[in-house]
Amino acid sequence: PAALPSAPLAFTDVNLNSRNTYEVSRRRSAPEHLPHGGTAPAAPAPPQEPAERARRAGVAGAGSSFAEFFTRNFFTKRTKELKPAVQSAPGWKLFGKVPPRENLPKDSKIIQQEYEARTGRMYKPPPPSARRKNIEFEPLSTTALILEDRPANLPAKSVEEALRHRQEYDEMVAEAKKREIKEAHKRKKIMRERFKQEENIASAMVIWVNEILPNWEGMRATRRVRELWWQGLPPSVRGKVWSLAVGNELNITPELYEIFLSRAKERWKSFSETSSENDIEDAGASVADREASLELIKLDISRTFPSLYIFQKGGPYHDLLHSVLGAYTCYRPDVGYVQGMSFIAAVLILNLEEADAFIAFANLLNKPCQLAFFRVDHSMMLKYFAAFEVFFEENLPKLFLHFKSYSLTPDIYLIDWIFTLYSKSLPLDLACRVWDVFCRDGEEFLFRTGLGILRLYEDILLQMDFIHIAQFLTKLPEDITSEKLFSCIAAIQMQNSNKKWAQVFASLMKDNKEVDKNHSPALKS
């Protein structure tokens, strides 16, 4: 074939205006030292025969024609000057860096010009003096942004849209003002109630100090004193009234407390020197002795009113609480230390001196109800639960049937309430007011308080299943107030078929038939 003019073979440039890594990799694979024309310098060829040269020229011509066919319209014959790779590429691809974008963001004026050219509308922003001249005040929030004009690069608001935005803004400001006024009235109401409560406490304190306490035995059962008692004891006389109401049937003296406290310290020292529980068992220590160990009491003290931080290690009442609990375990080894005692002792310590707190603590736990629970007397506990269910069905029949449908027995929620006398389940100030009336009415008020809590949350509990009821009653809401709770407690009637709590419980005690334990499966386990 005739020899065609041959084109020099070179590394062609790929330029598709895209982020093609093929272009970058092809450019990088090109030789670094090329002449300006893009062709490699030809090496001197050895001398050849004329026929051989003609044959090779024909083959080269055919190859160049195929190269022209495949590269036209796709690759340029003229190679461009290679550009160095940009190191500050915005990202990465799989086999190479992504070249930076060449199209920079447009300016707002250019966008506005393109918009006006496309729509044929001219935008004229209003003068600054005419903007927001009708606003009475500058709100310190983003509410007023709805009245702002749009930026110059965006279409202006229409008259209807501006009026609608103004109306929405006025409505938001009006709602905000109503909300502020309502909150201000609420704060004023709370402050008035607080001042009134403080005045009532001050006047009640004068009555308690000057009239009731000097004539305790003669006035404690009068109607006037019982009404004052129901309203809550003044904090300054609370501890004194508790001590008088609980009494001291055990005839404990401060000297006796010091004796048992010294015994407790000796026992803790011996426990700390003991290497393991096996040594304790070999020494013949009882279960109550093991429960009275320093480690168990320390563990419970750290979990007593953790939000107050006064009973934690290093707090002002940590060692005091530790001493009262340790002395009691030596005083009553038949009871020992039981979880929940720390809350009762802590409330007494907050209102009484150390020795007086121990005396009240020991006498309080010697009451029949507390003794039955802390000694885990199952038969007595079941009778208390049976008496509670009698008044539960009498006062809250709908909720009683709802609990029965889920086989939810009183022991699931009452045990924690009775063990701590509500000091763990209720806010501390509310728990102290429950203690006030408990010292007046005795164990009956503990179960009446439980019914008052169920009445307060009856509508919520009726919508719950077994799991959610148990969780809810284990951790009551923190926003519970004394006014709401005591109004519900006052609505509970502790009378069934003309029988009061004591008569109902006495009839259960006289009954020779054993209470069916199937209604309290938790106690069986």
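Residues numbered from 1 in each chain as written. Predicted model: local features only at pLDDT ≥ 70, side-chain atom pairs only at ≥ 80, totals over all residues. Heavy atoms only, no water.

### Section: the packing of helix α18 (residues 411-420) against helix α20 (residues 443-456)
The geometry of a pair of packed helices is captured by two quantities: the angle between their axes and the separation between those axes. Rules: Axes here refer to lines fitted to C-alpha atoms; in helices the fit is confined to the stretch in contact. Angles between the N-to-C directions go from 0 to 180 degrees. Per the convention used, a helix needs a DSSP run of H or I reaching at least four residues, while a strand needs a run of E reaching at least two, with both numbered from the N terminus. These descriptions rest on fixed angle ranges, namely under 35 degrees for roughly parallel, over 145 for roughly antiparallel, 65 to 115 for roughly perpendicular, and the rest for oblique. Left-handed is the label given to a crossing in which the near helix is rotated counterclockwise from the far helix by less than a right angle, and right-handed is the label when the rotation is clockwise. Residues are treated as being in contact if the distance between any of their heavy atoms lies within 4.5 Å. When residues are grouped by polarity, Ala, Val, Leu, Ile, Met, Phe, Trp, Tyr, Cys and Pro land in nonpolar, Asp, Glu, Lys and Arg in charged, and all others, Gly among them, in polar.
Viewed as axis vectors pointing N to C, α18 and α20 meet at an angle of 130°, and their least axial separation amounts to 11 Å. The angle between α18 and α20 places the two elements in the oblique class. When the axes of α18 and α20 are compared, the crossing they make is right-handed. In this structure, α18 uses Tyr413, Leu414, Trp417 and Ile418 to contact α20, whose residues at the interface are Leu446, Phe447, Gly450, Ile453 and Leu454. Looking at the contact of α18 with α20 residue by residue, the class counts come to eight nonpolar, one polar and no charged.

### Remarks on the packing of aromatic side chains
Stated precisely, the cut-off is as follows: Note on aromatic contacts: the rings of Phe and Tyr and the six-membered ring of Trp form a pair at centre separations within 6.5 Å, being stacked when their planes are under 30 degrees apart, edge-to-face when over 60 apart, and tilted otherwise. Burial classes: relative accessible area under 20% of the type maximum marks a residue as buried, over 50% as exposed, and values in between as partly exposed (1.4 Å probe, protein chains only).
Per the stated rule, a full pass over the model turns up 31 aromatic pairs. Ring centres of phenylalanine 311 and tyrosine 317 lie 5.9 Å apart, and the angle between their planes is 40°; on these two criteria the pair is classed as tilted. By relative accessible area, phenylalanine 311 is classed as buried at 0%. Overall, tyrosine 317 belongs to the partly exposed group, its relative accessible area being 28%. Taking 6.3 Å as the distance between ring centres and 65° as the angle between the ring planes, the aromatic pair formed by phenylalanine 388 and tyrosine 413 counts as edge-to-face.

### What about a nonpolar patch on the surface?
As a reminder, the rule being used: Each patch is built from salt-bridge-free residues with over 30% relative accessible area, joining like charges within 9 Å and nonpolar side chains (Val, Leu, Ile, Met, Phe, Trp, Tyr) within 5 Å. Every accessible area reported is derived by Shrake-Rupley at a probe size of 1.4 Å, with residue values counting cover from the shown protein chains alone. Salt bridges, as used here, are contacts in which a Lys or Arg side-chain nitrogen is within 4 Å of a carboxyl oxygen on Asp or Glu.
A cluster of nonpolar side chains, contributed by Met205, Val206 and Val209, occupies part of the molecular surface with about 220 Å² of accessible area. Tracing the backbone through its elements, the reader meets valine 209 in helix α4 (residues 159-212).

### Some points on the pattern of salt bridges
For the coordinates displayed, the defined rule picks out 10 salt bridges. One salt bridge in this structure joins glutamate 211 and arginine 224, with 2.9 Å as the shortest N-O distance. Taken together, the positions of glutamate 211 in helix α4 and arginine 224 in helix α6 (residues 223-230) put the pair 13 residues apart, joining distant regions of the chain. Using a relative accessible area of 32% as the deciding quantity, one classes glutamate 211 as partly exposed. What makes arginine 224 partly exposed here is its relative accessible area of 44%. With its nearest N and O atoms 2.9 Å apart, the salt bridge here joins arginine 332 to aspartate 334. Look at arginine 332 and you get buried, because its relative accessible area is 13%.

### Let's talk about the side chain of histidine 165
To keep things clear, this is the line we draw: Counting of polar contacts relies on pairs of N or O atoms within 3.5 Å, with two restrictions inside protein: one atom must be capable of donating a hydrogen and the other of accepting it, and residues adjacent in sequence are counted only when both atoms are side-chain atoms.
Within the secondary structure, histidine 165 sits in helix α4. Polar side-chain contacts of histidine 165 include one of 3.1 Å to the side chain of lysine 157. Excluding residues within four positions of it along the chain, histidine 165 makes contact with Ile146, Leu147 and Lys157.

### Section: helix α17 (residues 397-405)
Using the following cut-off: To obtain the arc, one takes the directions from the helix axis to the C-beta atoms.
For α17, every residue scored as buried is listed here: Leu399, Phe400, His402 and Phe403. One side of α17 carries all its buried residues, which in axial view fall inside an arc of 160°. Exposed and oriented more than 90 degrees from the buried face of α17 are Lys398, Leu401 and Ser405. Looking at the buried residues of α17, the elements they touch are α16 (378-395), α18, α20, α21 (458-461) and α22 (466-474).

### Here's the deal with the packing of helix α19 (residues 428-441) against helix α23 (residues 482-490)
It is the contact of α19 with α23, at a shortest axis distance of 10 Å, that shows an interaxial angle of 30°. The angle between α19 and α23 places the two elements in the roughly parallel class. Of the two possible hands of crossing, α19 and α23 adopt the one that is right-handed. Taken together, the residues of α23 that come into contact with α19 (itself represented by Leu430, Arg433, Val434 and Val437) are Ser482, Leu485 and Phe486. Broken down by class, the residue content of the contact of α19 with α23 amounts to five nonpolar, one polar and one charged.

### Examining the confidence of the model for the chain
Quick reminder of the rule: Every residue is assigned a pLDDT by the predictor, reflecting its confidence on a scale from 0 to 100.
Residues of the chain with pLDDT of at least 70 account for 66%, and the chain-wide mean is 77. When the criterion is pLDDT under 50, residues 275-285 qualifies, and its contacts beyond four places in sequence or with other chains add up to seven contacts.

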